[in-house]
Amino acid sequence: MRTALNAGRVLIADGATGTMLQGEGLPVGLPGEAWVLERPDVIVKLHRAYLDAGSDLILTTTFGGTRPRLARARLDDRVPEINRRAAELAREAVQGKAYAGREAGPFVGGDVGPTGEMMSPLGKLTYQAAVDLFAEQIGALAEGGVDCIWIETMSALEEARAAIEAARQVTDLPLFCTFSFDTHGRTGMGLSPSQAAAAVAELGVDATGANCGHAPEEVLDFLPAMSAAAHGLTLIAKPNAGIPRMVGRQAVYDAGPERMAALARQYVELGATIVGTCCGSSPAHIAAIAAEIKLR
Amino acid sequence: MSQERLYQEMAQSVIAGLPDRARALAGEALAAGIEPIDAIEEGFKPGMDTVGEAFACGEAFIPDLMMSGEALKAAIATLEPELMARRQQRQVSGKVVIGTVQGDIHEIGKTLVATMLAANGFEVHDLGVDVSPAAFLDAVRQFEPDVVGLSALLTTTLLNQEAVITTLKEAGLRDRVKVIVGGVPASPEWAQEIGANAYAENATDAVRVVKELTASK
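Bear in mind the structure is a predicted one, so any value in this text is a computation, not a measurement. (Residues numbered from 1 in each chain as written. Chains lettered and ligands numbered in written order. Predicted model: local features only at pLDDT ≥ 70, side-chain atom pairs only at ≥ 80, totals over all residues. Heavy atoms only, no water.)

Q: I'm lost on the sheet that holds strand 4 (residues 178–182) of chain B in this one. Help?
A: In any sheet, the strands associate via hydrogen bonds between backbone groups, in a parallel or an antiparallel arrangement. All names here are of chain B. Strand order across the open sheet formed by five strands is 2-1-3-4-5, with parallel pairing between neighbours. Because the sheet does not close on itself, it has two edges, and the strands there are strand 2 (122–126) and strand 5 (198–199). For strand 3 (residues 147–151) and strand 4, the ladder comprises five bridges, and the chain directions are parallel. Of the residues in strand 4, the one forming a bridge with leucine 150 is valine 181. Most of the contacts of helix 6 (residues 133–143) go to strand 1 (residues 94–100), to which it runs at about 165°, and overall it touches strand 1, strand 2 and strand 3. Across the sheet, helix 9 (residues 203–215) lies against strand 1, strand 2, strand 3, strand 4 and strand 5, angled at about 165° from strand 4, the strand it touches most. (Pairing = 2+ DSSP bridges. Helix = DSSP H or I, 4+ residues; strand = E, 2+ residues; numbered from the N terminus. Contact = heavy atoms within 4.5 Å. Axes fitted to C-alpha atoms, helices over the stretch in contact; angles between N-to-C directions.)

Q: Looking at this structure, I do not really get the pairing of strand 3 of chain B. What am I missing?
A: Side-chain positions along a regular strand alternate between the two faces of the sheet. Residue and element names in this part refer to chain B. Among the five residues of strand 3, five are classified as buried, and the element is accordingly described as predominantly covered. Because side chains alternate across strand 3, one face comprises the buried residues Val147, Gly149 and Ser151, and the other comprises Val148 and Leu150, equally buried. As paired strands, strand 1 and strand 3 are joined by five bridges and run parallel to one another. Across the sheet, glycine 99 pairs through a bridge with leucine 150, a residue of strand 3. (Buried < 20%, exposed > 50% of the residue type's maximum accessible area, 1.4 Å probe, protein only.)

Q: Any chance you could explain the interface of chain B and chain A here in plain terms?
A: Listed per partner, the contact involves 24 residues of chain B and 21 residues of chain A. Interface of chain B and chain A: buried area, both sides summed, is about 1,900 Å²; carbon and sulfur atoms make up 71% of it. Looking at the side of chain B facing chain A, the largest losses of area belong to Phe61, Ile105 and Thr155 of chain B, adding up to 30% of the total buried there. Taken together, the links from chain B to chain A amount to two salt bridges. The salt bridge involving glutamate 193 of chain B is made with arginine 249 of chain A; its shortest N-O contact spans 2.8 Å. In this assembly, chain B and chain A are joined by four residue pairs in polar contact (both at pLDDT 80 or more). Those elements that place two or more of their residues in the side of chain B that touches chain A are helix 3 (36–56), helix 4 (62–85), helix 7 (159–170) and helix 8 (188–194) of chain B. Broken down by element, the residue count for the side of chain B that touches chain A peaks at four residues, all from helix 4 of chain B. Considered class by class, the residues forming the side of chain B that touches chain A number 17 nonpolar, five polar and two charged. (Buried area = accessible area lost by both parts, 1.4 Å probe. Salt bridge = Lys/Arg side-chain N within 4 Å of Asp/Glu carboxyl O. Polar contact = N/O pair within 3.5 Å; in protein donor to acceptor, adjacent residues only side chain to side chain. Nonpolar A, V, L, I, M, F, W, Y, C, P; charged D, E, K, R; others polar.)

Q: Can you help me understand the confidence of the model for chain B in this one?
A: The predicted coordinates should not be examined in detail at positions where pLDDT is low. Mean pLDDT over chain B: 95, with 100% of residues reaching 70 or higher. Interface confidence for the predicted complex, given as ipTM, is 0.91, next to a pTM of 0.95. (pLDDT = per-residue confidence, 0-100.)

Q: How should the pairing of strand 2 of chain B be read in this particular structure?
A: All names here are of chain B. Note that strand 1 and strand 2 share five bridges and pair parallel. Residue valine 96 lies in a different strand from strand 2, and its bridge partner there is valine 124. The handedness of the strand 1 to strand 2 crossover, carried by helix 5 (residues 108–119), is right-handed. (Right-handed = clockwise from strand over helix to strand, strands pointing away.)

Q: Hey, could you run me through the sheet that holds strand 2 (residues 57–59) of chain A in this one?
A: All names here are of chain A. In spatial order, the strands read 1-10-7-6-5-4-3-2; together these eight strands make up an open sheet with parallel pairing. Each end of this open sheet is capped by a strand with a single partner; those strands are strand 1 (11–12) and strand 2. With three bridges joining them, strand 7 (residues 234–239) and strand 10 (residues 272–275) adopt parallel strand pairing. Across the sheet, isoleucine 236 pairs through a bridge with isoleucine 274, a residue of strand 10. Against the sheet, helix 11 (residues 257–269) engages strand 7 and strand 10, with an angle of about 150° to strand 10.

Q: Looking at this structure, I do not really get the packing of helix 4 (residues 40–53) of chain A against helix 12 (residues 283–293) of chain A. What am I missing?
A: Any two packed helices are characterised by the angle at which their axes cross and by the distance between the axes. Residue and element names in this part refer to chain A. Packing of helix 4 against helix 12 leaves a shortest axis separation of 8 Å and a crossing angle of 25°. Comparing the axis directions of helix 4 and helix 12 gives the class roughly parallel. Taken as a pair, helix 4 and helix 12 cross one another with a handedness that is right-handed. For the pair helix 4 and helix 12, the contacting residues are Ala49, Tyr50 and Ala53 in the first and Pro283, Ile286, Ala287 and Ala290 in the second. Here the residues of the contact of helix 4 with helix 12 sort into seven nonpolar, no polar and no charged. (Parallel < 35°, antiparallel > 145°, perpendicular 65-115°, else oblique. Left-handed = near helix turned anticlockwise from the far one by under 90°.)

Right under this line is the structure:
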């Protein structure tokens, strides 16, 4: 993985997981992590759908894999097992013969999402407790064989710091940390793209960038700011496939595959070397992005 | 310090999100013979309004709103005994039941709305997250609110806002309350589609909308 990062190759990440699993019957309110245990076949199938579409880097189904998140689904007694198993399933997926001839990877990223708790003093989660929660998850992901740790959808800098510290405690794997700038160009906690990039660069991550957020067009402004603040770091763009709108009872995200492919081309021109999509996307978006990027 | 100056300091303690300072100023106000109700309405509350406006236009963010809310709460807590002793009360602007719908665990937006409504004198019953339609119904029966606020952050759980409205209709209670919806995938069109009374874009907007909905009481 480090070779690919250092060579500056453009890697295609993957897309949305939750909505895709719901399309396969995951009940609303049940996290995808439950299916790591109950329906591993569907998890592997979704990974393969993204790999077939052109993903070079897929994320484990562990976005909500920290103890407090799993506690909501009464799965907190199986934190290490779920994370390790999710990593194994992703590993199983990338080992498919169809992907053997690829120039790079495919790679497995250990997905680390927010705990859902506010850090003190605003909330009850202390820094040390947060570090412990993340270390529990990340240790298991590393054991399961991921190629890198991808901390994503961060909003509070303190929480990102805790996750980064935890990662460094338990593994030497490449470390990514991306933020969700969904509130007037900052995170909900008021962190700007340049502040975020500068902070995590100092903490020694290998890659940073923007994921989720608001409109994918905004990432065109975030990337230069992050690039300037975090010299030399690999840059990531993994935005939503547009803004959601309800059409009747269906959610429609307004950026289709062509739009996301055109934006992906622009992200790469601005220096991003890892590009994917987040909420509202599907393998079709990744296929369009992969086709566009591979035209270079 | 002049009364005017003291009011400004009170507002500033809320704007700066300093609960200890707000507490101290509340004490000073009482010592200076200022009516506790005036200290709240002329001093501390305007600070909260300022932060609310800043939040709505992206100059203030969640931590600012939360710390300002803490400062306001600290001031009110200090003034409460004196308010009671003088048989004064902040006017209860209305009663609100609020929660994040079933299947959804996002709470910050909902909590900010609850904070801002309480700051504006509403009696707020926050049911938390992942609240079933049955639990909303129980709360409506128990608290007899004027307004029910439904938050959903996911496109997939948004449908449960409609489920709550349906549950209220089936129980014959839909007309007893106004329903307001919010959250990222919601919109005025969505509110109309599911028969809600209104949509609010953020915590500041929610205060405006809830005031409008309760004005015609």
